[in-house]
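One letter stands for each residue in the lines below.
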Number of protein chains: 2
Amino acid sequence: MSAYWCELAWLGGEAAEKGVVIGVEGETIASVEAGVDAAPAGAEVLAGLTLPGLANAHSHAFQRAMRGRTHSGRGDFWTWREEMYLVAEPLDPDNYLALARATFAEMALAGITVAGEFHYVHHRSGGSPYEDPNAMGLAVIEAARQVGIRLTLIDACYLHGGIGAEPEPGQRRFCDTDAEAWAERVSALEDGPSTRIGAAIHSVRAVDPKSAATVAAWDPARPLHAHISEQPAENEACLAAHGATPSAVLAEAGAVREGFTAVHATHISDSDFELLGEGSVCLCPTTERDLADGVGLARLLADAGARLCTGSDSNSLIDPLEEARAIELDERLASGIRGQHSAAELMAAATSGGHAALGWPEGGRLEAGAPADLVTIGLDGVALAGTTPDHALASVLFAASPTNVRKVIVGGKVIVSDGQHTTIDVARELAESIGALTS
Amino acid sequence: MSAYWCELAWLGGEAAEKGVVIGVEGETIASVEAGVDAAPAGAEVLAGLTLPGLANAHSHAFQRAMRGRTHSGRGDFWTWREEMYLVAEPLDPDNYLALARATFAEMALAGITVAGEFHYVHHRSGGSPYEDPNAMGLAVIEAARQVGIRLTLIDACYLHGGIGAEPEPGQRRFCDTDAEAWAERVSALEDGPSTRIGAAIHSVRAVDPKSAATVAAWDPARPLHAHISEQPAENEACLAAHGATPSAVLAEAGAVREGFTAVHATHISDSDFELLGEGSVCLCPTTERDLADGVGLARLLADAGARLCTGSDSNSLIDPLEEARAIELDERLASGIRGQHSAAELMAAATSGGHAALGWPEGGRLEAGAPADLVTIGLDGVALAGTTPDHALASVLFAASPTNVRKVIVGGKVIVSDGQHTTIDVARELAESIGALTS
């Protein structure tokens, strides 16, 4: 049994608590006690604000290689997608392991203790399967294991190049023959101590309703994610083909079930709120800014019952606190009203909300029985200087960046100390792995 | 004569140049030569991307004390303004010097070499003048001098509590008796080696048209700024009182003249574009997000001829690259189109655009004759790892943060080295100066 004494810790309330002793037994939190004025003998001091581990509920790790490279000229989501296919083209299990390892390590430095990798780069460039058809997914799993973060591999069924369309050449490696082949392949993946397997319907663009029903029914106990209504053109095509919104098509296919997470949900219809209010909604605001997606209606979704969470998605930035505050700030831009979401609600999205969406409902909280996943934010840096215990939660939510993350503990094990990964030179590995793909 | 060899430097083009030698004579750039493969003997090596000094064209330094403190509950711009008045209340020349010094030092760490302080906290709390009626402005000037950055003190005329309304108690210290009294007071302020004096009409809310004309005519060679159409309610009140938009009222008063900068210009009318296209427009996107102001029409303003620049305004964040990219990213959210502004255009807003708006038209550029104001961004950190010389400008614009700023030189003098201010412990001074005001 070890113990930490947190100068401040967030236990889920509207503000941080002072003097919180967290007892850890193996990989699990055994006890939490607030209001302890000084560190007990033998307890390690965590100066600053300690949070539960942050969850990144939606990532495409390989897109980290695109950062800073797609901003020339004009265009929209669809022209960006063509550039993305070019980056995916040279991936193989070896270079993807290296890139995902560096990207997940960047996530660890930002306080992320569990990532959801929405995985669709399954097969060889061109479309033929690897000898082990899960070679790419296993590379992603191994990358997270080496970094020391938890991973939910959300293996995405991807069949079509658009509604009723054959896959384009750049999409072929994403595609299984049909939903049954997807299910057979994914059934060979196994949970591990820090790994859980989830399913995804890529979108109504890439999966027809009958196939979506197969994916939804594959293992109803597992998380099920889908991109929904990221762009108006998706809605228009779906309405034209099926006479219903993407949310309604997926609900009809049985996908909007326990464990369902709608990713983006930017352009949803009034009738979709009730459907999506049953589950989780993953907003990816920095990507939605980058891809000119628009501002979603997070407040109305939350009011409808949806549990919010966030994702770094395209990894054009990796900053889970920026994602959380951007839910609020972008909604302010669209509505003219401040305080749509409290700091505690936004922090819940970044922690417990994301854990729930990724199939780790016991995580994202500092309480007895939860996994011992802790993130300590230093309050002594320039950006946060001047805050007080009463305001620390809001200061961190609205002004912290990854460089303020001092310590990250996953399952009782320290993986980031003094702001550095304990075993990985993250910047060097990012430069090398991206250089190998793009040179 | 000293020389720097920049691994990469941005000379105004669409991408950075490699191997740039910058010769400095005293406080001025004497020569710039690109394509020099290795550092000449005696030249100091600047690894990374070197930019001209960044300009922060609109700041209210004291609002740094509000960071993280105004996010509870709901509300809008107008409820936020009440909280702001409470923070302004205890300011005096001594504690404002301390707070402004710490805040300007945070700006220096972020790469800002010239700030425009839109200054309206002129008098004692309650409204009576200090013995030297410019005591507060002189404190701001002294703060910037101690930090080593250039300052334009934009002294703002503030007369009314709203159109036709007496000042509220919290506004009295902002107010001069009338525009003539403002002009007499401001005429006692003098330019210095690193200081220039500008004028401002706070807004059509605080200055009537006749008084605005007096301010506009005070010294036509100096910069003139005004808050314009930050909120729809301002437009409505202005139309009701004057039958014209704020832009048109100020144009009629002669304010939209050479050297004019419209701050925000978020909610302008079609007829305002031509007026504002004659001058500068200062966008403050992180504040406009925070205060739920909305997304301006920066592309249309630029197309109308306006020179864009940016400001940290409320200082809820101090990150001039985030301001620059947010012009683009927020416009993407509103328009659904990427690439509204090129990386070079956005960097120009953060550099030469801001310098021009602040009355330093010779600055914000790396060329012979310009002031020797340089900012070097390290490319070896995690956020920028994987970029290339061709993409460095866009990578920095879209993914760098203040912690990537390695070196800042103003007038040939190093003020930030290895990411630290050479003489000021910025975090400690922020904590102390804010603590003194808010405890």
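A brief look at the structure comes next.

Cut-offs and rules
Residues numbered from 1 in each chain as written. Chains lettered and ligands numbered in written order. Predicted model: local features only at pLDDT ≥ 70, side-chain atom pairs only at ≥ 80, totals over all residues. Heavy atoms only, no water. Salt bridge = Lys/Arg side-chain N within 4 Å of Asp/Glu carboxyl O. Helix = DSSP H or I, 4+ residues; strand = E, 2+ residues; numbered from the N terminus. Buried < 20%, exposed > 50% of the residue type's maximum accessible area, 1.4 Å probe, protein only. Contact = heavy atoms within 4.5 Å. Buried area = accessible area lost by both parts, 1.4 Å probe. Nonpolar A, V, L, I, M, F, W, Y, C, P; charged D, E, K, R; others polar.

Examining the pattern of salt bridges
Residue and element names in this part refer to chain A.
Step number 1: As enumerated under the stated definition, the model contains 48 salt bridges over all chains in all.
Step number 2: The residue K407 makes a salt bridge to E44 at a minimum N-O spacing of 2.4 Å. Of this pair, K407 sits in strand β14 (residues 405-410) while E44 sits in strand β4 (residues 44-52), and the two are 363 residues apart along the sequence.
Step number 3: When the shortest N-O distance is used, the salt bridge between E168 and R81 registers 3.9 Å. Highlighted residues: E168 in the loop between β7 (150-157) and α4 (179-187) and R81 in helix α1 (residues 77-88), separated in sequence by 87 residues.

Notes on the environment of L379 of chain A
All names here are of chain A.
Step number 1: Positionally, L379 belongs in the loop between β13 (374-377) and α13 (392-399).
Step number 2: When its relative accessible area of 17% is taken as the criterion, L379 is described as buried.
Step number 3: A C-alpha to C-alpha distance of 39 Å links L379 and D94, two positions 285 residues apart in sequence.
Step number 4: Among residues more than four places away in sequence, those in contact with L379 are L8, G48, L49, L384, A385, T387, A392 and V396.

With respect to the interface of chain A and chain B
Step number 1: Counting residues at the interface gives 53 residues for chain A, matched by 53 residues for chain B.
Step number 2: Across the chain A/chain B interface, buried area totals approximately 4300 Å², and carbon plus sulfur atoms make up 56% of it.
Step number 3: Inspection of the region where chain A meets chain B yields 4 salt bridges.
Step number 4: In this structure, the salt-bridge partner of D290 of chain A is R332 of chain B, at a minimum N-O distance of 2.7 Å.
Step number 5: Listing elements by their share of the side of chain A that touches chain B, those giving two or more residues are α1, α2 (93-109), α9 (285-290), α11 (320-335), α13 and α14 (426-438) of chain A.
Step number 6: For the side of chain A that touches chain B, the class distribution of residues is 22 nonpolar, 17 polar and 14 charged.

A word on unusual backbone geometry
Residues and elements named next belong to chain B.
Step number 1: At D313, a position not held by glycine, the phi torsion is positive, near 50°.
Step number 2: As for its position among the elements, D313 is in the loop between β12 (307-310) and α11 (320-335).
Step number 3: Residue D313 is classed as buried on the basis of its relative accessible area of 4%.
Step number 4: Positive phi outside glycine occurs at D418, with the angle close to 50°.
Step number 5: Counting through the fold element by element, D418 comes out in the loop between β15 (413-417) and β16 (420-421).
Step number 6: For D418, a relative accessible area of 60% translates into the label exposed.

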